[in-house]
Amino acid sequence: MEKIFFAFGLTLFAGLATGIGSCLAFFTKRTNTKFLSISLGFSAGVMLYVSFVEIIVKARIALIEEWGVKTGNWLTVISFFMGMLFIGIIDKFVPEHENPHEVKEVEDLNKKPNKNINPLYRMGLFSALAIGIHNFPEGLATFISALKDPKLGIAIAVAIAIHNIPEGIAVSVPIYFSTGSKKKAFFYSFISGLAEPIGALVGYALLMPFLNGTVFGVIFAGVGGIMVFISLDELLPAAENYGEHHLSIYGLIAGMVVMAISLLLFI
């Protein structure tokens, strides 16, 4: 039970980082685009490295133990790409013009709120809903990783938390601009992040009764696919939009280095 509570706590922390993004939007005057660009690149580096070096390897070992070398390898590869397909299908349901990963900046809040701009309010609500949908499998990924290896779970939770900060800004800006209410903007931003712990709870309720070597291996490989997709489809494009191309790549490499050292020293 201690492991379960710890894993759930990490997932809650990662999800509620959308609220941090909302607070940054309201209590800072300018967007530190260089910092966000490096941070998002760092998050992508952590997720890519840990997916290929740790998560997929552990999934492969579990599946080989259950099914043998040939079948275990095939199941690992299929599960990895099924994870990508799963998050890709979710992404397809989000209309492009209401995509929550459209870059928003704190400076947008300096404009005068206009309560008659209903499309902006609608965009903010859709962003909150879309982020909630995206965060559901992210919550499952964080929870399962922390359940298997708490130290690995911490690294993944921090990476996902960083990635959730600009999403909080993406929800807050259009809702505040259309309503003039910081409370309402913060509320929707905060609520969108709750999808991650909800995803963890639903995943635990559905999967834990059946969790064995095969189920764990398939889920873990799928988690690797989800994290690689998030890194390539969301984190790196957002990092480049916020800042210079090289800054995001420097952040990416730094994330890989930090993750590599932590795996060698602590895991």
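Residues numbered from 1 in each chain as written. Predicted model: local features only at pLDDT ≥ 70, side-chain atom pairs only at ≥ 80, totals over all residues. Heavy atoms only, no water.

1. Points about the overall build of the protein chain
Then, in step 1: Looking only at helices and strands, the protein chain features 10 helices and zero strands.
Then, in step 2: The secondary structure elements of the protein chain, listed N-terminal to C-terminal, are α-α-α-α-α-α-α-α-α-α.
Then, in step 3: A buried classification covers 53% of the 267 residues belonging to the protein chain.
Then, in step 4: Taking as baseline every contact in the protein chain between residues at least 6 positions apart, the subset at least 24 positions apart corresponds to 90%.
Then, in step 5: Total accessible area computed for the protein chain in this model is approximately 12600 Å², and 71% of it derives from carbon and sulfur atoms. (Helix = DSSP H or I, 4+ residues; strand = E, 2+ residues; numbered from the N terminus. Buried < 20%, exposed > 50% of the residue type's maximum accessible area, 1.4 Å probe, protein only. Contact = heavy atoms within 4.5 Å. Areas by Shrake-Rupley, 256 points an atom, 1.4 Å probe, with all protein chains shown as cover.)

2. So, the environment of Val-258
Then, in step 1: By secondary structure assignment, the location of Val-258 is in helix H10 (residues 245–266).
Then, in step 2: Owing to a relative accessible area of 44%, Val-258 belongs among the partly exposed residues under this scheme.
Then, in step 3: For the pair Val-258 and Tyr-49, spaced 209 residues apart in sequence, the C-alpha to C-alpha distance is 9.8 Å.

3. Regarding the packing of aromatic side chains
To describe a pair of aromatic rings, one takes the distance between the centres and the angle between the planes.
Then, in step 1: Tallying each qualifying case throughout the model produces six aromatic pairs.
Then, in step 2: With a centroid separation of 5.0 Å and an interplanar angle of 75°, the aromatic rings of Phe-80 and Phe-81 are classed as edge-to-face.
Then, in step 3: On the basis of relative accessible area, Phe-80 is assigned to the buried category, the value being 8%.
Then, in step 4: Each ring, one from Phe-187 and one from Tyr-188, has its centre 5.5 Å from the other, and the planes form 70°; the classification is edge-to-face.
Then, in step 5: On the accessibility criterion, Phe-187 (45% relative accessible area) is partly exposed.
Then, in step 6: We classify Tyr-188 as partly exposed; its relative accessible area is 24%. (Phe/Tyr/Trp six-rings, centres within 6.5 Å; stacked < 30°, edge-to-face > 60°.)

4. Let's talk about the environment of Val-223
Then, in step 1: By the secondary structure assignment, Val-223 is in helix H9 (residues 213–242).
Then, in step 2: Sequence-wise, Val-223 and Ile-87 are 136 residues apart; in three dimensions their C-alpha atoms are separated by 9.9 Å.
Then, in step 3: Residue contacts for Val-223: discarding those within four places in its chain leaves Ile-55, Ala-141 and Ser-145.

5. Looking at the side chain of Glu-196
Then, in step 1: Here Glu-196 shows up in helix H8 (residues 195–207).
Then, in step 2: In terms of polar contacts, Glu-196 uses its side chain to reach the side chain of Asn-164, at 3.0 Å.
Then, in step 3: Those residues in contact with Glu-196 that lie beyond four places of it in its chain are Thr-11, Ala-14, Gly-15, Asn-135, Glu-138, Gly-139, Ile-160 and Asn-164. (Polar contact = N/O pair within 3.5 Å; in protein donor to acceptor, adjacent residues only side chain to side chain.)

6. Comments concerning the packing of helix H3 (residues 33–67) against helix H6 (residues 150–179)
Then, in step 1: Two elements in contact, H3 and H6, have axes separated by 9 Å at closest approach and are oriented at 145°. The handedness of the crossing between H3 and H6 is left-handed. Residues Leu-36, Ser-39, Leu-40, Phe-42, Ser-43, Val-46, Met-47, Val-50, Glu-54 and Ile-55 of H3 form the contact with H6, whose own contacting residues are Leu-152, Ala-155, Ile-156, Ala-159, Ile-160, Ile-162, His-163 and Pro-166.
Then, in step 2: Looking at the contact of H3 with H6 residue by residue, the class counts come to 14 nonpolar, three polar and one charged. (Axes fitted to C-alpha atoms, helices over the stretch in contact; angles between N-to-C directions. Left-handed = near helix turned anticlockwise from the far one by under 90°. Nonpolar A, V, L, I, M, F, W, Y, C, P; charged D, E, K, R; others polar.)

7. Quick notes on a nonpolar patch on the surface
Then, in step 1: On the surface, Trp-74, Ile-78, Met-82, Leu-85, Ile-89 and Phe-93 cluster together into a nonpolar patch covering about 690 Å² of accessible area.
Then, in step 2: Considering the arrangement of structural elements, one finds Trp-74 in helix H4 (residues 69–92).
Then, in step 3: Overall, the relative accessible area of 55% leaves Trp-74 in the exposed class. (Patch = residues over 30% accessible without salt bridge, like charges linked within 9 Å, V, L, I, M, F, W, Y side chains within 5 Å. Salt bridge = Lys/Arg side-chain N within 4 Å of Asp/Glu carboxyl O.)

8. Thoughts on the confidence of the model for the protein chain
Detail in the predicted coordinates should be disregarded across regions flagged by low pLDDT.
Then, in step 1: Summary statistics for the protein chain give a mean pLDDT of 81 and a share of 83% for residues scoring 70 or more.
Then, in step 2: Within the protein chain, H4 carries the highest mean pLDDT (92), whereas helix H5 (residues 118–148) carries the lowest (75).
Then, in step 3: Taken as a whole, residues 97–101 scores under 50 in pLDDT and shows 15 contacts with residues more than four places along the chain or in a different chain.
Then, in step 4: Low pLDDT, under 50, characterises residues 106–110; the stretch is placed with 16 contacts to residues that sit more than four places away or in other chains. (pLDDT = per-residue confidence, 0-100.)

9. Thoughts on H3
For an α-helix, 3.6 residues make a turn, and residues three or four places apart therefore share a direction.
Then, in step 1: The terminal C-alpha atoms of H3, which comprises 35 residues, lie 48 Å apart, in line with the 51 Å expected from a rise of 1.5 Å per residue.
Then, in step 2: Within H3, the axis deviates most sharply at Ser-51, by approximately 45°.
Then, in step 3: Looking one or two residues beyond H3, the residue adopting positive phi is Gly-68, at roughly 90°. (Expected span 1.5 Å × (residues − 1). Bend = angle between axes of the 7 residues up to and from the residue.)

10. Re the side chain of Ser-37
Then, in step 1: Mapped onto the elements of the fold, Ser-37 is located in helix H3.
Then, in step 2: The buried category is assigned to Ser-37, whose relative accessible area is 0%.
Then, in step 3: Side-chain polar atoms of Ser-37 contact the backbone oxygen of Ala-239, separated by 2.8 Å.

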